[in-house]
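# Report on the structure
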Amino acid sequence: MSVQTKKRKGEHVRICVSKDVQHEYNWLDDVEFVHKALTTLDYGALDTRAVFLRHRLKLPFMITGMTGGYQEARKINRALAAACEKYGIAFGLGSQRAMIENPALTETYRVRDVAPTIPIVGNIGAAQLLKYESEQINDMLKSVEADYLAVHLNTLQELVQPEGDREFAGIRERIESVAREIEYPIIIKETGAGIGWETARMFNGIFSKVAGFDVAGRGGTSWSKVEELRGGDAGPFSEWGNPTPVCIAEVSELGAFTIASGGIRNGLDAAKAIALGADIAGAACPFMRAYYKKRLDETIAQWETYLKRAMLLTNSRNIEELGQASIIITGRTAEYMLAKGINIQEYAQR
Ligand SMILES: Cc1cc2nc3c(=O)[nH]c(=O)nc-3n(C[C@H](O)[C@H](O)[C@H](O)COP(=O)(O)O)c2cc1C
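Here's what I pulled together on the structure shown here. Not measured: the values here are computed from a predicted model.

### Remarks on the overall build of the protein
- What the protein contains, in helices and strands, is 16 helices and 12 strands.
- On the principal axes, the C-alpha backbone points of the protein span a range of 60 × 45 × 40 Å.
- Of the contacts made within the protein by residues no fewer than 6 positions apart, 79% connect residues no fewer than 24 positions apart.
- Carbon together with sulfur atoms contributes 49% to the accessible area of the protein, which is approximately 14700 Å² in total.

### Here's the deal with the pairing of strand β9 (residues 210-214)
- The buried fraction of β9 amounts to four of the five residues, a majority that puts the element mostly inside the structure.
- Two strands pair when backbone bridges link them, and strand β8 (residues 186-189) and β9 are joined in this way by four bridges, in the parallel orientation. In the sheet register, I187 faces β9, and the bridge partner there is G212.
- By the bridge criterion, three bridges tie β9 to strand β10 (residues 257-260) in an arrangement that is parallel. Residue pairing in the sheet places G212 in a bridge with F257 of β10.

### Focus: the sheet that holds strand β7 (residues 148-152)
- Strands sit in the order β4-β5-β6-β7-β8-β9-β10-β11 around a closed barrel of eight strands; the barrel is parallel. Going from strand to strand, the sheet's axes swing by 30 degrees on average, the running direction of each strand aside.
- Where strand β4 (residues 61-63) lies against strand β5 (residues 90-92), two bridges are found, and the strand directions are parallel. For M62, the partnering residue across the bridge sits in β5 and is A90.

### With respect to the site of the ligand
- Taken together, 25 residues are adjacent to the ligand, and K9, S95, K189, T221 and R265 come closest.
- In this structure, an oxygen atom belonging to the ligand sits 3.0 Å away from a side-chain N or O atom of T64.
- Here H152 contributes a side-chain N or O atom positioned 3.1 Å from an oxygen atom of the ligand.
- When residues of the shell around the ligand are traced back to their parent elements, those giving at least two are α1 (2-18) and α12 (285-292).
- The biggest single contributor to the shell around the ligand is α1, with four residues.
- Split by residue class, the shell around the ligand holds nine nonpolar, 12 polar and four charged.

### Some words on helix α2 (residues 71-87)
- Helix length check: α2 (17 residues) gives 25 Å between terminal C-alpha atoms against 24 Å at 1.5 Å per residue, within 8%.
- Turning to α2, its buried residues are A73, I76, N77, R78, L80, A81, A83, C84, E85 and Y87.
- Immediately beyond the C-terminal end of α2, within one or two residues, lies G88, with a positive phi of roughly 70 degrees.

### A look at the pairing of β7
- Burial analysis of β7 places five of its five residues in the buried class, which makes it a mostly covered element.
- Where strand β6 (residues 120-125) meets β7, five bridges bridge the pair, whose relative direction is parallel. By the bridge assignment for β7, G122 is matched with L149.
- Sheet topology places β7 next to β8; four bridges connect them, and they run parallel. Within β8, the position partnered with H152 by the bridge is K189.

Cut-offs applied
Residues numbered from 1 in each chain as written. Predicted model: local features only at pLDDT ≥ 70, side-chain atom pairs only at ≥ 80, totals over all residues. Heavy atoms only, no water. Helix = DSSP H or I, 4+ residues; strand = E, 2+ residues; numbered from the N terminus. Contact = heavy atoms within 4.5 Å. Areas by Shrake-Rupley, 256 points an atom, 1.4 Å probe, with all protein chains shown as cover. Buried < 20%, exposed > 50% of the residue type's maximum accessible area, 1.4 Å probe, protein only. Pairing = 2+ DSSP bridges. Axes fitted to C-alpha atoms, helices over the stretch in contact; angles between N-to-C directions. Near = heavy atom within 4 Å. Polar contact = N/O pair within 3.5 Å; in protein donor to acceptor, adjacent residues only side chain to side chain. Nonpolar A, V, L, I, M, F, W, Y, C, P; charged D, E, K, R; others polar. Expected span 1.5 Å × (residues − 1).

Any functional reading would require information beyond the geometric quantities listed.
So, in structure tokens, the structure goes:
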């Protein structure tokens, strides 16, 4: 079993960096800022700091969970985490299932020595929670000195994966009991099919235990496309899911800490996500590609530059003001939002 888990994690990275596995439509392209011709701020004085639950970030960004569990992953995780530390942004580990199955693989997830101050988010699939004791999950986080646990919901990916999980009964209750029993706040995340309000509100009763959501919506990496390249049958499901901007608007409206991800491809997309209501914006695939091109540093620096440009051009002094900047939502995203009863004029007439 653990050999299969190891092999799969390596294949995921290889496919994501070498094949076109993006959704056909990036819904964030339908979101535009209202340009403010008269700017009254200095570029050098822009305040990009953001809050990540109990932590503070220098920039409102996160590299979300991708890898671990095989030798090369150790190098990748350490490089990504060190870059996050340098820029003061959050870092997510990939699924830690492999290290529960084989504790010798724990070192492929250890990054705390290169990232001493930033939030490190551990990771496990919701379906795995049914198989492990809460104590094992707690130990798993402790042994890599993580601060939070991301529990990923990836039903679509599991269904397309020939060897994927098919049993999900009892998962919500299990997340609830794990949230109660472990010492770490939990972030519920998707992997590219999107958490909307219908799902987020199911955690309402345990909101004090669930610290937030990473919406991971449709518009970026398509996990059904990835699994199809590994031999699965995605059929008509490669474009299934809730679009990222819709998820951001809905989940943030519930008042939960919201990480926007799924198709965030640069600092301007991150700025749009914040204007839609997100606390911070994250991405996975673009940073893995940057790692392999040896352009990780440059990429994060460029995200910062584009974020600041968007802030200055909307006359937003800080991240809070950027969150109130006027945006126009058009095209398929506008249609989708209107169908769901989201008032898009509210974003335009701020
Ligand atoms: C190579 C790769 C591996 C991933 N592995 C995990 C994982 O182990 N656990 C998880 O929760 N999400 C995983 N993801 C999903 C991402 O965290 C993210 O939610 C998704 O890819 C959408 O973001 P993107 O469009 O910026 O890639 C992975 C993504 C990539 C690209």
